Amino acid sequence: MLKLTQCLIVKNEEQNLPRALNWGENLFDEQIVIDTGSSDGSVALAEKLGAKVMHFAWIDDFSAAKNFAIAQCTGEWIFFLDADEYFAAEHVPLLRPLIERISGSSVKEEEEIRPYNVVETPWINVSSNKFSQQARIFRNVPYLRYSGAIHEQIHALPGGYLRVYAGTDAPAILHDGYVWTSADSKGKKAARNFEIARKALKKSPNCSKLQLFAAEALMFKGEYLKAEKFFSEAMKNADGSIWPERAREGYKQWLNNYLNRNDSGTNVPRDRLPGAMKVHAEAVAKFPDDADFDILLSLLCFKAKDILNTILFFNASLAKKNGRITENLMASNSEIYQRLRVTCEKLRNH
């Protein structure tokens, strides 16, 4: 039977640890907790719950902490979830059979037979219904390690390879973070992420990926004008470090930066529209079939009371994939989108 390890990087996660260490208690052969400087009861609680706890001095680098954790694991496969992530109880019994099946599967690649070594599963934010695919399960092999100080990703070191099993039918990781409290506010987390990105940019000042991380952190902090400058530099993608799907999301966040900068209450000043339209044009040129860009600009025009362009871009969205927009966009803008849709339908019928 395969030996499975769960890894956690924690700091002041006392509230989340009982569920984080209990949901898979019958699945994992060992649980490793790396504490990066908790001041609450996280360490004592993790030990009480049976985890092996070690300490890592925080150096503003998530990959460094995670790679230290991997080095402590003895399992053949590693599950690396955050403390506020878990699998639903009814899905836990499905996980070992899934990993055992994948562990025995191989594909021919570059004239070699290569077993799958990374599993990608659905990931759902339960509070916003935001959906994505995440690679959080992987073989414990010396050449698979994390890279990136922030928004770290698993990758293959030289001489190794990365072969992902896209488990679209696999159980989903559920995430209930981003439900902000006064002790761990959205602003505090965004400030931390910006500081990590800022320090990393000192070493790699032209890294577009880091510039995009900084832009998004500033946006979540509510510093929209500062974020605008980072978005502008990042989306030039001068070094090619932003892969296409990440660039697609980057453009959407950039448009959201315009949309969320409500410095005039619920309305948007019209002088904000030319800049947003330029961003929209760039995005559509690269991703012509994505209706989200049209809806985001239509929403912005709607809030700016520019009715002609509201209708124009709403109609443009309908010509793409029958007007289908992503679940993420619907979840984050559902109320205003519904008002926009009703308004546009009324105007089109007159």
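Rules used throughout
Residues numbered from 1 in each chain as written. Predicted model: local features only at pLDDT ≥ 70, side-chain atom pairs only at ≥ 80, totals over all residues. Heavy atoms only, no water. Helix = DSSP H or I, 4+ residues; strand = E, 2+ residues; numbered from the N terminus. Buried < 20%, exposed > 50% of the residue type's maximum accessible area, 1.4 Å probe, protein only. Contact = heavy atoms within 4.5 Å. Areas by Shrake-Rupley, 256 points an atom, 1.4 Å probe, with all protein chains shown as cover. Salt bridge = Lys/Arg side-chain N within 4 Å of Asp/Glu carboxyl O. Core = buried A, V, L, I, M, F, W, Y, C linked by side-chain atoms within 4.5 Å. Expected span 1.5 Å × (residues − 1). Arc of directions from axis to C-beta. Axes fitted to C-alpha atoms, helices over the stretch in contact; angles between N-to-C directions. Parallel < 35°, antiparallel > 145°, perpendicular 65-115°, else oblique. Nonpolar A, V, L, I, M, F, W, Y, C, P; charged D, E, K, R; others polar.

Caption draft 1: Quick look at the overall build of the protein. Secondary structure assignment for the protein yields 13 helices and 14 strands. Within the protein, the proportion of its 350 residues that are buried is 48%. For the protein, restricting intrachain contacts to residue pairs at least 6 apart in sequence, the fraction spanning at least 24 positions comes to 66%. In the structure as shown, the protein presents an accessible area of about 17,300 Å², 52% of it carried by carbon and sulfur atoms.

Caption draft 2: Highlighting the pattern of salt bridges. Within the structure shown, the criterion is met by 16 salt bridges. Note that Glu 112 is salt-bridged to Arg 114, the shortest N-O span being 3.7 Å. Given a relative accessible area of 43%, Glu 112 falls into the partly exposed group. As a salt-bridge pair, Asp 290 and Arg 248 come within 2.9 Å of each other at their nearest N and O atoms.

Caption draft 3: Here's a closer look at the nonpolar core. Of all hydrophobic cores here, the largest spans 49 residues; its most connected members are Phe 231, Met 235, Tyr 251, Trp 254, Phe 293 and Leu 300. Counting only elements with at least two residues in this core, the list comes to α5 (186-203), α6 (208-221), α7 (224-234), α8 (244-260), α9 (273-286), α10 (291-303) and α11 (307-318). The biggest single contributor to this core is α10, with nine residues. Judged by nonpolar contacts, the second largest core, of 25 residues, contains Trp 23, Val 92, Leu 95 and Val 107.

Caption draft 4: View of helix α4 (residues 92-103). With twelve residues, α4 should cover 16 Å at 1.5 Å per step; its first-to-last C-alpha distance of 17 Å lies within 8% of that length. Turning to α4, its buried residues are Val 92, Leu 95, Arg 96, Leu 98, Ile 99, Ile 102 and Ser 103. The buried residues of α4 occupy one face: seen down the axis, they fall within an arc of 165 degrees. Looking at the buried residues of α4, the elements they touch are β1 (4-10), β4 (77-80), β5 (85-87), β8 (118-125), β9 (131-139) and β12 (164-166).

Caption draft 5: Spatial organisation of the packing of α8 against α10. At a minimum axis distance of 10 Å, the contact between α8 and α10 shows a crossing angle of 5 degrees. On the basis of their axis angle, the class for α8 and α10 is roughly parallel. Residues Arg 248, Tyr 251, Lys 252, Leu 255, Asn 256, Tyr 258 and Leu 259 of α8 form the contact with α10, whose participating residues are Asp 292, Phe 293, Leu 296, Leu 299, Leu 300 and Lys 303. Counted by class, the contact of α8 with α10 contains eight nonpolar, one polar and four charged residues.

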